[in-house]
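Summary of the model geometry
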Amino acid sequence: MSATAAPPATAPKVALRGVRKSFGDVEVLRGVDLDVAPGEVTVVLGPSGSGKSTLLRTINHLEKVDGGSVSVDGVLVGYRRSGNKLYELREREILRQRTRIGFVFQNFHLFPHLTVLENITEAPVSALRRPRPAAEEAARRLLARVGLADRAEAYPRQLSGGQQQRVAIARALALEPGLLLFDEPTSALDPELVGEVLDVIRDLAAAGTTMIVVTHEIGFAREVADTVVFMDEGRIVERGTPAEVLDRPAHERTRAFLSKVL
Amino acid sequence: MALTSDPPVEKTAHHPPSDDGTALTVVPVRRPWRWVAVVATVVVLVQFGHGLVTNPAWEWDVFARYFATEAVLQAVWVTLQLTLYGTVLGFALGVVLAFMRLSASPFLRAVAFGYIWAFRSIPLIVQLLFWFNLAYLYEELSIGIPFGPGFHAFETVGLVGAMSAAVLGLALHQAAYAAEIVRGGVLAVDGGQLEAAASLGIPRLRRLRRIVLPQAMRSILPNAANEIVSLFKGTSIVSVMAIGELFYQVQVVYGRTGRVVPLLMVATVWYLLLTTALSVVQHYVERHYAKGSTR
């Protein structure tokens, strides 16, 4: 949790090198470099359309990159390197990589026809081949951790948005990933429900989980982030501790953005 | 029935004191035309029912004599078998075709598209006659046809040929329509569901079976039930191949006895009864797949 401004001595948990991505003619990522140290919380800020969600989605290969590389724990995500070429991996291998990277969506994307418990146990049972009783026991522990121990048998539509997002976080945690990615986890929530989701993320940060959080919650960034990254037009404009980026932004575009959202 | 029960206007004028809005009675919109339509419909139905009972040409005694004879029951059973095999095989192939059309592989997409194009274009009756004659051809040549183990349960060798041809024709025809229904259902599932499943590392087949199909079922079911009912009645087309299904059987009987109308009624009532049963099943299956949804 302590802000480590100095570059970490250990190998980075996540390393992006020159990541580029276009949708048709629109260049969404224009060469992004980013290192995230183990146990670090990185918050990505930026105006909409700046490429921050796309960046997050390249990290678990939901989005293929057009150039550059993404690696987690020193292993390329989605590709295998041979000489100077990157060969795309088979789906099975990509799926295995994804089980080590938790992803939480803006719109939760819980499975509506499954109960809360089934939502959480589905991946451990089918992707990691855990026995169902063990998976259910772990799921109930996770539900207790996100404060929903009594809603295991409910269907997602019977829950509030904040509760659904907490279930989605428990679902991502069920694979015991070494890295958690949050894509605007509170943007689809009513204002009074934002706090309960941020509380859960705050607890995870305190427990030393490596996380990258795309968000618009500046206050949350200031409080929880070890590193704040500001993106604009597909590039990282500024990167530093919350105090550096939020209070003494070096770049004009960062200042302009912060003046609008603060 | 409150067609003319509007309260007289003077009556409200007698109660002006309670004008603070707390003691007012809510009167729903009156719908006089609804009652006119009900009366007109009842008149027509009663007339029709009266005709059924009093017109001797319906020959209800003949109807009653043939309704549950063994020949008719046997024919109903054949009709049900044709429907069952056509549905099961048709939808099994249809699901495969649907996912081929949705696949990332241009080859699989092209094959599925070609199949659906061909089998939707050829009239079922033409296809049936083709398979029927093909079966004869193979019999003459004494080549074993791998029609699958399910088709060998029938009594006579001749019937196996005709039944297999009929089932094959119905199933292949049905598969083309089933494929499009399933594809439509899968497309109706929110893309975020697939993304969430992919991000959790859930294997592809499991993703389809556990996440996509149960949700797709909600929009597949009403259309699929339509197709099954339509196939159920459509089996009557197989009568051109002299297979003893319901419609063929009543034709045989009225060909012999000349009692056309009562025997057509025998077939009609059976079709009505079984379609009703299917609708009941549909209701419960749809309710099962509505789990976790609000409507």
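Residues numbered from 1 in each chain as written. Chains lettered and ligands numbered in written order. Predicted model: local features only at pLDDT ≥ 70, side-chain atom pairs only at ≥ 80, totals over all residues. Heavy atoms only, no water.

1. Notes on the environment of Val228(A)
Residue and element names in this part refer to chain A. Formally: Only DSSP runs of H or I covering at least 4 residues are called helices, and only runs of E covering at least 2 are called strands; the numbering of each starts at the N terminus. For this analysis, residues touch if any pair of their heavy atoms sits within 4.5 Å.
As for its position among the elements, Val228 is in strand β11 (residues 227-232). It is 6.0 Å that separates the C-alpha atoms of Val228 and Val44, two residues lying 184 residues apart in sequence. Non-local contacts of Val228, meaning those with residues more than four positions away in its chain, are made with Val43, Leu45, Ala221, Glu238, Arg239, Gly240, Pro242, Val245 and Leu246.

2. With respect to unusual backbone geometry
Peptide bonds are trans in most cases, and residues, glycine excluded, mostly fall at negative phi. The backbone phi angle of Phe108(A) is positive, close to 65°, even though this residue is not glycine. Looking at the secondary structure, you find Phe108(A) in the loop between β8 (101-104) and α3 (116-126). The residue Ala242(B) is not glycine, and still its phi comes out positive at about 55°. The residue Ala242(B) is located in the loop between α9 (204-234) and α10 (246-257) in this model.

3. Let's talk about the packing of α9(B) against helix α11 (residues 260-289) of chain B
All names here are of chain B. Heads up, the rule is: A fitted line through C-alpha atoms represents every axis, and for helices the fit uses only the stretch in contact; the resulting angles, taken between N-to-C directions, go from 0 to 180 degrees. Roughly parallel refers to an angle under 35 degrees, roughly antiparallel to one over 145, roughly perpendicular to one between 65 and 115, and oblique to any angle outside these ranges.
Running from amino to carboxyl end, α9 crosses α11 at an angle of 175°, the nearest separation of the two axes being 10 Å. Taken together, the axes of α9 and α11 are roughly antiparallel relative to one another. Of α11, the residues touching α9 (which contributes Pro214, Met217, Arg218, Leu221, Pro222, Ala225, Ile228, Val229, Phe232 and Lys233) are Tyr271, Leu274, Thr275, Leu278, Gln282, Val285, Glu286 and Tyr289.

4. A word on the pairing of strand β7 (residues 85-88) of chain A
Residues and elements named next belong to chain A. Put simply, the test is: Whether two strands pair depends on DSSP finding at least two bridges between them.
The pairing of strand β6 (residues 79-82) with β7 spans 4 bridges and is classified as antiparallel. Residue pairing across strands places Tyr79 opposite Glu88, the latter belonging to β7. Counted along the chain from β6 to the antiparallel partner β7, the turn is 2 residues long, and its residue Gly83 has a positive phi close to 65°.

5. Some words on the interface of chain A and chain B
We count it as follows: Accessible area that two parts lose when put together, with a 1.4 Å probe and added across both, is what the buried area reports. The working definition used for a salt bridge is a side-chain nitrogen of Lys or Arg within 4 Å of a carboxyl oxygen of Asp or Glu. Between N or O atoms, a polar contact is any pair within 3.5 Å; within protein, one atom must be a potential hydrogen donor and the other a potential acceptor, and residues adjacent in sequence are included only when both atoms are from side chains. Any residue that is not Ala, Val, Leu, Ile, Met, Phe, Trp, Tyr, Cys, Pro, Asp, Glu, Lys or Arg is counted as polar, Gly included; the first ten are nonpolar and the last four charged.
Across the contact, 27 residues belong to chain A and 23 residues belong to chain B. The contact between chain A and chain B buries some 2200 Å² in all, and 55% of this surface belongs to carbon and sulfur atoms. Here chain A is connected to chain B by 5 salt bridges. For Glu122(A), the salt bridge goes to Arg210(B), with nearest N and O atoms at 2.7 Å. For the pair chain A and chain B, the interface holds 8 residue pairs in polar contact (both at pLDDT 80 or more). Where the side of chain A that touches chain B is concerned, the elements lending two or more residues are α2 (91-98), β8, α3 and α5 (161-173) of chain A. With 4 residues, α3(A) is the single largest residue contributor to the side of chain A that touches chain B. In terms of residue class, the side of chain A that touches chain B is built from 14 nonpolar, 5 polar and 8 charged.

6. Focus: the UniProt feature "transmembrane region" (unreviewed entry) in chain B
All names here are of chain B. The cut-off we apply is this: UniProt positions are given in the numbering used here, feature names are shortened, and annotations may be inferred rather than shown by experiment.
Sequence positions flagged by UniProt for "transmembrane region" (unreviewed entry) are, in local numbering, residues 35-53, 73-100, 112-132, 152-173, 228-248 and 260-281. The span residues 112-132 is 90% helical and 0% strand by assignment, and the distance between its end C-alpha atoms comes to 24 Å. Taken as a whole, residues 260-281 contains 100% helix and 0% strand, while its terminal C-alpha atoms sit 32 Å from one another.

7. Structural notes on the sheet that holds strand β4 (residues 67-72) of chain A
Residue and element names in this part refer to chain A. One open sheet holds the 4 strands; their spatial order is β2-β1-β4-β5, and the pairing between them is antiparallel. Edge strands, defined here as strands with exactly one partner in the open sheet, are β2 (26-36) and β5 (75-76). Looking at chain direction, β4 and β5 are connected through 2 bridges and run antiparallel. Directly across from Val72, in β5, lies its bridge partner Val75.

8. Thoughts on the layout of surface pockets
Note the threshold: The rule is simple: put a 1 Å grid over the protein atoms alone, call a set of points where a 1.4 Å probe fits but cannot get out a cavity, call an open set with protein on both sides within 12 Å along at least five of seven lines a pocket, and count a residue as lining if it has an atom within 4 Å of a point. Grid points are joined across faces, edges and corners, and a volume is the space filled by probe spheres set on the points.
Here the largest pocket is characterised by a volume of approximately 940 Å³. Lining the largest pocket we find 30 residues, and of these Glu91(A), Ala104(B), Leu194(B), Arg204(B) and Arg207(B) sit closest to its centre. If you list the elements that add at least two residues to the lining of the largest pocket, you get α2 of chain A together with α4 (70-101), α7 (157-187), α8 (191-199) and α9 of chain B. The element that contributes the greatest number of residues to the lining of the largest pocket is α9(B), accounting for 5 residues. Residue composition of the lining of the largest pocket, grouped by class: 17 nonpolar, 3 polar and 10 charged.

9. Points about the nonpolar core
Where a protein is soluble and globular, its nonpolar side chains tend to be buried together. Quick reminder of the rule: As used in this record, nonpolar core signifies buried Ala, Val, Leu, Ile, Met, Phe, Trp, Tyr and Cys residues forming a set joined through side-chain atoms within 4.5 Å. Exposure is judged per residue with a 1.4 Å probe applied to protein chains only, and the accessible area is read against the type maximum: over 50% gives exposed, under 20% gives buried, and values in between give partly exposed.
Ranked by internal contacts, the top residues of the largest apolar core, which has 49 residues, are Ile120(A), Leu143(A), Ile169(A), Phe182(A) and Met211(A). Among the elements that line this core, the one with the most residues is helix α6 (residues 191-206) of chain A, at 8 residues. The contact partners of Met211(A), leaving out residues within four places of it in the chain, are Glu40(A), Val41(A), Thr42(A), Leu180(A), Phe182(A), Ile201(A), Leu204(A) and Ala205(A). Core analysis: the next-biggest nonpolar cluster, separate from the first, contains 36 residues, Ile59(A), Tyr79(A), Phe105(A) and Ile202(B) among them.

10. Description of the environment of Leu170(B)
With respect to the helices, strands and loops of the structure, Leu170(B) is situated in helix α7. Spatially, the C-alpha atom of Leu170(B) lies 7.5 Å from that of Leu124(B), the residues being 46 residues apart in sequence.

11. A look at the pairing of β8(A)
All names here are of chain A. Where burial is concerned, the two faces of β8 agree: the one with Ile101 and Phe103 and the one with Gly102 and Val104 are both buried. When β8 meets strand β9 (residues 179-183), the two strands line up parallel, connected through 4 bridges. Bridge pairing in β9 places Phe103 opposite Leu181.

12. Examining the packing of aromatic side chains
All names here are of chain B. Note the cut-off: When the centres of two rings from Phe, Tyr and Trp lie within 6.5 Å, Trp using its six-membered ring, the rings pair. Their planes under 30 degrees apart give stacked, over 60 give edge-to-face, and anything left gives tilted.
A complete count under the given rule lists 9 aromatic pairs over all chains for this structure. Taking the centre distance of 4.3 Å and the plane angle of 20° together, the rings of Tyr115 and Phe119 count as stacked. With Tyr115 and Phe119 both in helix α5 (residues 106-121), this residue pair falls 4 residues apart, about one helical turn. Like Phe119, Tyr115 is buried. Ring plane angle 75° and centroid distance 5.4 Å describe the contact between Phe232 and Tyr271, whose orientation is recorded as edge-to-face. Of this pair, Phe232 sits in helix α9 while Tyr271 sits in helix α11, and the two are 39 residues apart along the sequence. With respect to burial, Phe232 and Tyr271 carry one shared label: buried.

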